[in-house]
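Each chain is listed here by its residues.
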Amino acid sequence: MSSTGSPVPRLVIAAPASGSGKTTVATGLMAAFAERGLAVSPHKVGPDYIDPGYHALATGRPGRNLDAYLCGPERIAPLFLHGAAGADLALVEGVMGLYDGAALQGELASTAHVAKLLKAPVVLVVDASSQSRSVAALVHGFASWDPEVRVGGVILNKVGSDRHEELLREALGGSGVPVLGALRRTDGVGTPSRHLGLVPVAERREDAVEAVAAMAAHIRAGCDLEALLALARSAPALPGAAWDPAEALAEDARWSPAWTGGSTSPEPGTETAGAGGTDAAPDSPRSPASPGAVGGPGSGRPVVAVAGGSAFTFSYAEHTELLTAAGAQVVTFDPLRDEELPENASGLVIGGGFPEMYTPELSANEPLRTAVARLAASGAPVAAECAGLLYLSRSLDGSPMCGVLDAEARMSQRLTLGYREAVAVSDNVLAPAGARLRGHEFHRTVLEPGAGPTPAWGLVHPQRRLEGFVHGGVHASYVHVHWAAAPGVARRFVERCAASRGGTATNGRAAPASAPPAGIR
């Protein structure tokens, strides 16, 4: 394990509640500092996929998630250091209110929890639109609630006038928390929302570029960038080493087809995180570091096709890095435009996104739908999450999809949202029967039926139910998981891809499940 070197200047941008302006302020700060020539590393607390797209646009670096529920608290600092390698400044946008985390689990996965794990000062963004002197009580409460959380400054948002700003600053004068910015109320800064939050960057690229530029200008006009940078530079060095995908794979021997250890993984927070320094840029996945990597370097590596484009924008950067480190050649394709899968594809990953916004276009691309169905029928490994699950169904809102799964999908008014604890019902291309992972659901669609004859997961928290589909080499589910928590998922998938390419795709077929494993009945 290599040393982390100099401290990474960093700030966590938090708020008392959702809707206070965190995303606008965080994205605007990222863009404003990047405009000054700083290499800014963007991060987001929690599982959200959409905000990191705006962060990436603002900084030119991949937006990365820091989720202590999905990945375990012990991996937060290593994953942060991995993403921030070579950066002059790291900015972490929080989630919900500062102290809001996983339901009924204390501080777990809250912005405050992540700030403590990163030893990072917090900047509190306060919606001041309907208050004056009371702002001091609000800030005092948040700054004093947990003495281990260092609230180093406040940015006043939605300030109505010079007089309003004067009243707010006077009230906070004796609070001990400096005012680092005062942003005027405006309708000209922000991004449009719809049923699952902000509209992703990929769907409005030109407008998004303009929106990020407007955010940066808004921040420059109202924030003390020098004071914010000084606060970021006050953060101490973090102990330990950066996460590295190749080393994480080497340290996690679970879930290989040849693995004969126990069938369940430890709970997040009790494992030893894969760690180790790397000189590779965070947006340049490291090649396999050992001769044992599946397929080896070069043309012998199995091709894993990963869906992208405007309809499939939900993916964690570490997934591609782990697939590459496990020996795969990762090739992205766009189901809206490409009529064929990448040449020699021996595996397929279809992540989340908004296929419901592109149903006619996805349905009209019959050649690709046929190619996906053909690959799945061959027994090749296919991993689909949420949007990918819908794409593999027979139809979405009545329009034909790939027909891999015997299920129909439709939009719903009901929001399904929350963390999940899941147990693999049977051996599959991602995990062996009984393996435990943590995941997240976030959708307004319904699949009927919600589980196949062999479900993907038995959910044990917060409710117990069977969910998803395993059939042949296909694993399809609404549940999003973060592979950094279990790098063996990537190795197992790539090994199955290599076996499929070599004519032994039966290794990727699920074992029949006569009953769910212990713990999910």
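The following refers to the structure shown. Given the structure is predicted, the values throughout are model-derived calculations rather than measurements.

At a minimum axis distance of 10 Å, the contact between helix α2 (residues 50-59) and helix α8 (residues 205-222) shows a crossing angle of 70 degrees. With respect to α8, the element α2 is oriented roughly perpendicular. Handedness of the crossing formed by α2 with α8: right-handed. Across the interface between the two elements, Tyr54, Leu57 and Ala58 of α2 pack against Arg205, Ala208, Val209 and Val212 of α8. Broken down by class, the residue content of the contact of α2 with α8 amounts to 6 nonpolar, no polar and 1 charged.

Below, the discussion takes up the nonpolar core. Across soluble globular proteins, nonpolar side chains show a tendency to be buried alongside one another. Of all hydrophobic cores here, the largest spans 120 residues; its most connected members are Leu29, Phe33, Phe80 and Leu118. Broken down by element, this core gets its largest block of residues, 7 residues, from helix α1 (residues 22-35). Every residue in contact with Leu29, bar those within four places of it in the chain, is listed here: Ile13, Leu91, Ile155, Ile219, Leu225 and Leu228. Listed in part, the 39 residues of the second largest apolar core include Leu362, Ala371, Met401 and Ala476.

A word on unusual backbone geometry. Following Glu448, the chain continues to Pro449 via a peptide bond in cis, the omega torsion being -5 degrees. Pro462 follows His461 through a cis peptide bond whose omega is 5 degrees. Here Pro462 lies in the loop between β18 (457-461) and β19 (465-467). If you check the backbone angles, Ala109 has positive phi at about 70 degrees while not being a glycine. Tracing the backbone through its elements, the reader meets Ala109 in the loop between β4 (89-93) and α5 (111-118). Its identity as a non-glycine residue notwithstanding, Asn344 has a phi of 65 degrees, on the positive side. Along the chain, Asn344 turns up in the loop between β11 (329-333) and β12 (345-350).

Our next topic: the sheet that holds strand β1 (residues 10-14). Either a parallel or an antiparallel arrangement is found when strands of a sheet pair, and the pairing is made through backbone hydrogen bonds. The strand order across the open sheet built from 7 strands is β3-β2-β4-β1-β5-β6-β7, with neighbouring strands paired in parallel fashion. Because the sheet does not close on itself, it has two edges, and the strands there are β3 (64-66) and β7 (179-184). Strand after strand, the sheet turns through a mean of 25 degrees between neighbouring axes, direction not considered. Packing against the sheet, helix α7 (residues 162-172) makes contact with β6 (151-159) and β7, and its axis sits at approximately 155 degrees to β6.

Moving on: α2. The buried fraction of α2 amounts to 7 of the 10 residues, a majority that puts the element mostly inside the structure. Listed in full, the buried residues belonging to α2 are Ile50, Asp51, Pro52, Tyr54, His55, Ala58 and Thr59. Once α2 finishes, Gly60 follows within two positions and takes phi at roughly 80 degrees, a positive value.

Summed over the entire model, instances satisfying the criterion amount to 22 salt bridges. A salt bridge links Glu93 to Lys44; the shortest N-O distance between them is 3.2 Å. On the criterion of sequence distance, the pair formed by Glu93 in strand β4 and Lys44 in strand β2 (residues 40-45) is long-range, its members being 49 residues apart. For Arg394, the salt bridge identified is with Asp406, shortest N-O distance 1.8 Å. Remark: Asp406 occurs in the loop between β15 (399-400) and β16 (408-424) and Arg394 occurs in the loop between α14 (387-392) and β14 (395-396); sequence separation between them is 12 residues. Through salt bridges that share partners, Asp162, Glu165, Arg169 and Arg184 make up one connected network.

Turning our eyes to something else, we now look at the sheet that holds β12. Strand order across the open sheet formed by 6 strands is β11-β10-β12-β13-β21-β20, with mixed pairing between neighbours. The sheet is open, and its two edges are formed by β11 and β20 (469-471), each paired on a single side. Each strand axis lies, on average, 15 degrees off the axis of its neighbour in the sheet, ignoring direction. Two elements, β20 and strand β21 (residues 474-477), share 3 bridges in a ladder whose sense is antiparallel. Opposite Phe469, over in β21, you have Ala476 as the bridge partner.

Note on placement: Val40 falls in strand β2. In this structure the C-alpha to C-alpha distance between Val40 and Leu29, which are 11 residues apart in sequence, comes to 9.6 Å. Not counting the four nearest positions on each side in its chain, Val40 is found in contact with Met30, Phe33, Ala34, Thr59, Arg61, Leu89 and Leu91.

In this structure the tally under the stated criterion is 8 aromatic pairs. Ring geometry for Tyr99 and Phe142: centres 5.9 Å apart, planes at 25 degrees, overall stacked. Placement of the pair is Tyr99 in the loop between β4 and α5 and Phe142 in helix α6 (residues 134-145), with a sequence separation of 43 residues. Ring geometry for Phe312 versus Tyr391: centroids 5.6 Å apart, planes at 65 degrees, classification edge-to-face. One end of the pair, Phe312, is in the loop between β10 (303-307) and α11 (317-325); the other, Tyr391, is in helix α14, and 79 residues separate them in sequence. According to the relative accessible area criterion, Tyr391 is buried, its value standing at 1%. Among the aromatic residues, those joined into a cluster by ring pairs are Tyr49, Phe314, Tyr316 and Phe354. Sitting above the plane of the Tyr69 ring, Arg438 keeps its charged end 4.3 Å from the centroid.

With that out of the way, let us pick up α11. Buried residues dominate α11, accounting for 7 of its 9 residues. Taken residue by residue, α11 has Glu318, His319, Glu321, Leu322, Leu323, Thr324 and Ala325 as its buried positions. Downstream of α11 by one or two residues, Gly327 has phi in the positive range, about 115 degrees.

Let us look at the pairing of strand β13 (residues 382-385). The alternating pattern of β13 places Val382 and Ala384 and Ala383 and Glu385 on opposite faces, both of which are buried. Relative to β13, β12 is paired through 3 bridges, and the arrangement is parallel. Within β13, the position partnered with Val349 by the bridge is Ala383. The pairing of β13 with β21 spans 4 bridges and is parallel. Residue Ala383 lies in a different strand from β21, and its bridge partner there is His475.

The rules behind these values
For every chain, the first residue of the written sequence is number 1, and numbering continues from 1 onward in sequence order. Since the coordinates come from a predicted model, pLDDT governs what is reported: local features require at least 70, and pairs of side-chain atoms require 80 or more to be given and counted, while whole-chain, interface and lining totals use all residues. For side-chain calculations, the full set of non-hydrogen atoms in the structure is used, while hydrogens and water are omitted. Note on definitions: angles span 0 to 180 degrees between N-to-C directions of axes, and those axes are lines fitted to C-alpha atoms, for helices only across the stretch in contact. Runs of H or I in DSSP of at least four residues are treated as helices and runs of E of at least two as strands, each being numbered from the N terminus. Angles are sorted into four bins: roughly parallel if under 35 degrees, roughly antiparallel if over 145, roughly perpendicular if 65 to 115, and oblique for all others. Helix crossings get a hand from a simple test, with the near helix turned counterclockwise from the far one by less than a right angle marking a left-handed crossing and a clockwise turn marking a right-handed one. Residue contacts are counted whenever heavy atoms from the two residues lie within 4.5 Å of one another. For this classification, Asp, Glu, Lys and Arg are treated as charged, while Ala, Val, Leu, Ile, Met, Phe, Trp, Tyr, Cys and Pro are nonpolar and the rest, including Gly, are polar. The term nonpolar core refers to a set of buried residues drawn from Ala, Val, Leu, Ile, Met, Phe, Trp, Tyr and Cys, joined through side-chain atoms within 4.5 Å. Any residue under 20% of the maximum accessible area for its type is buried, any over 50% is exposed, and the rest in between are partly exposed; the area is computed with a 1.4 Å probe on protein chains only. We call two strands paired when DSSP finds no fewer than two bridges between them. Here, a salt bridge means any side-chain nitrogen of Lys or Arg that lies within 4 Å of a carboxyl oxygen of Asp or Glu. Within 6.5 Å between ring centres, the rings of Phe, Tyr and Trp (the latter by its six-membered ring) count as paired, and their orientation is classed by plane angle as stacked under 30 degrees, edge-to-face over 60, tilted in between. Our definition puts a charge over a ring when NZ of Lys or CZ of Arg is within 6 Å of the ring centre and also within 35 degrees of the ring normal.

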